[in-house]
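These are the residues of each chain, in order.
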Amino acid sequence: MELAGALQLGELAAAFAALPVFPLFDMAYFIVSILYLKYEPGAVEMSHKSPFASWLCAMLHCFGSYILADLLLGESPIDYFSNNSSVILATAVWYLIFFCPMNIFYKCVSFLPMKLIFVAMKEVVRVRKIAAGVHHAHHRYHHGWFIMMATGWVKGSGVALMSNVEQLLRGVWKPETNEILHMSFPTKASLYGTVLFTLQQTHWLPISEANLIFFFTMFMIVCKVFMTATHSHASPFAPVENFICPVFFGSVSSGHTNHHHNQHGASHEVSHPPPPPAKSKEELNEGTRKRKAKKAE
């Protein structure tokens with residue numbers, strides 16, 4: 001029974017890994033990506049003032065990961081735009097989300113039950129892109145572990161990593177929103193996932209690629225659907241990171257903080273002049289007599 005169950009699971013994983021992502025899963029990926037673009041402040045106004053800039057931003061949201069991966073591997077960054085079917089499909093989704101009469105299409109796809117389905121389908125595409133990026137880099141650089149990890153990472157989270165470029169197209173400059181400084185859950189998950197796929201590709205992880213795609217996709221779907229349904233931004237990795245990071249990377253010393261605070265406070269004490277000395281009792285009485293004399297006059 002256990003062997004039969006393992007065979008059935010292996011067959012299910014193999015069938016899932018062979019499932020084509022175009023057009024349905026790709027369309028879901030484009031819908032969720034462009035929905036997030038429309039949520040950005042000023043995106044709707046920009047789409048009416050400059051439709052071409054809005055379209056470019058939408059294409060970055062849809063194909064930014066391919067652009068970054070091609071740049072890393074020394075290939076043409078516009079190579080993926082030769083895929084006419086995908087570009088036309090992404091353009092149609094952009095137009096319907098921003099310009100459909102009465103926002104009918106936007107209201108339908110942003111309806112939470114529908115949106116959760118699209119979010120789940122988007123994670124299927126994300127994991128496939130990570131696996132494809134690692135496999136592509138492995139073909140070019142057979143022993144380049146870090147190249148495999150970098151390529152798989154940008155394939156899974158390239159849109160977020162290019163967020164500052166996309167903001168510039170919208171006329172916004174927010175360097176403090178750099179994704180590398182403040183990683184979101186998809187970016188972290190793509191990084192951890194690409195490590196797993198690299199270990200699998202180099203035969204250090206004893207699992208088939210199909211099984212790894214299946215299990216990691218299920219993990220991503222469960223996490224992203226739950227976070228979207230509950231409007232949560234908390235990372236599932238936070239408890240593990242909070243335990244491991246202080247052990248390996250240390251934490252900010254409280255003594256250093258207090259020392260800095262004391263120095264900062266001392267500088268403020270020096271910068272302010274001391275208050276004037278209090279007047280003596282005789283000086284106060286003399287001032288009172290002078291005021292009374294003026295009133296009498």
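Reference entry: report on the structure contained in this document. (Residues numbered from 1 in each chain as written. Predicted model: local features only at pLDDT ≥ 70, side-chain atom pairs only at ≥ 80, totals over all residues. Heavy atoms only, no water.)

Moving on to helix α11 (residues 209-230). The end-to-end C-alpha separation of α11 is 31 Å, in line with the 32 Å expected for 22 residues at 1.5 Å each. Looking one or two places after α11, you find H231, whose phi comes out positive at around 55 degrees. (Helix = DSSP H or I, 4+ residues; strand = E, 2+ residues; numbered from the N terminus. Expected span 1.5 Å × (residues − 1).)

The next thing to look at is the pattern of salt bridges. Following the criterion strictly, the structure yields 5 salt bridges and no others. A salt bridge links R140 to E75; the nearest nitrogen and oxygen atoms lie 2.8 Å apart. Of this pair, R140 sits in helix α7 (residues 112-140) while E75 sits in the loop between α4 (51-72) and α5 (84-99), and the two are 65 residues apart along the sequence. The exposure class of E75 is partly exposed, given its relative accessible area of 26%. One salt-bridge network, in which partners are shared between bridges, spans E40, E166 and R170. (Salt bridge = Lys/Arg side-chain N within 4 Å of Asp/Glu carboxyl O. Buried < 20%, exposed > 50% of the residue type's maximum accessible area, 1.4 Å probe, protein only.)

Bringing unusual backbone geometry into the picture now. Backbone geometry follows two general trends: most residues other than glycine have a negative phi, and most peptide bonds adopt the trans configuration. At the junction of F22 and P23, the peptide bond is cis and its omega measures out at 5 degrees in the coordinates. The residue P23 is located in the loop between α1 (2-17) and α2 (24-39) in this model. Positive phi is not limited to glycine here, since H203 has a value of about 65 degrees. Mapped onto the fold, H203 is located in the loop between α10 (185-201) and α11.

Below, the discussion takes up a nonpolar patch on the surface. Side chains of V240, F243, I244, V247, F248 and F249 sit close together on the surface and give an oily, nonpolar patch of about 730 Å² of accessible area. Here F248 lies in helix α12 (residues 238-249). (Patch = residues over 30% accessible without salt bridge, like charges linked within 9 Å, V, L, I, M, F, W, Y side chains within 5 Å. Areas by Shrake-Rupley, 256 points an atom, 1.4 Å probe, with all protein chains shown as cover.)

Inside soluble globular proteins, nonpolar side chains tend to come together where they are buried. In this structure, F30, I34, F63, F118, F185 and F197 are the most contacted members of the largest nonpolar core, which totals 54 residues. At the level of secondary structure, the elements contributing two or more residues to this core comprise α1, α2, α4, α5, α7, α10 and α11. Of the residues forming this core, the biggest block, 11 residues, is contributed by α7. Beyond its immediate stretch of four places on either side in the chain, I34 contacts A58, C62, A90, V93, W94, I97 and F98. (Core = buried A, V, L, I, M, F, W, Y, C linked by side-chain atoms within 4.5 Å. Contact = heavy atoms within 4.5 Å.)

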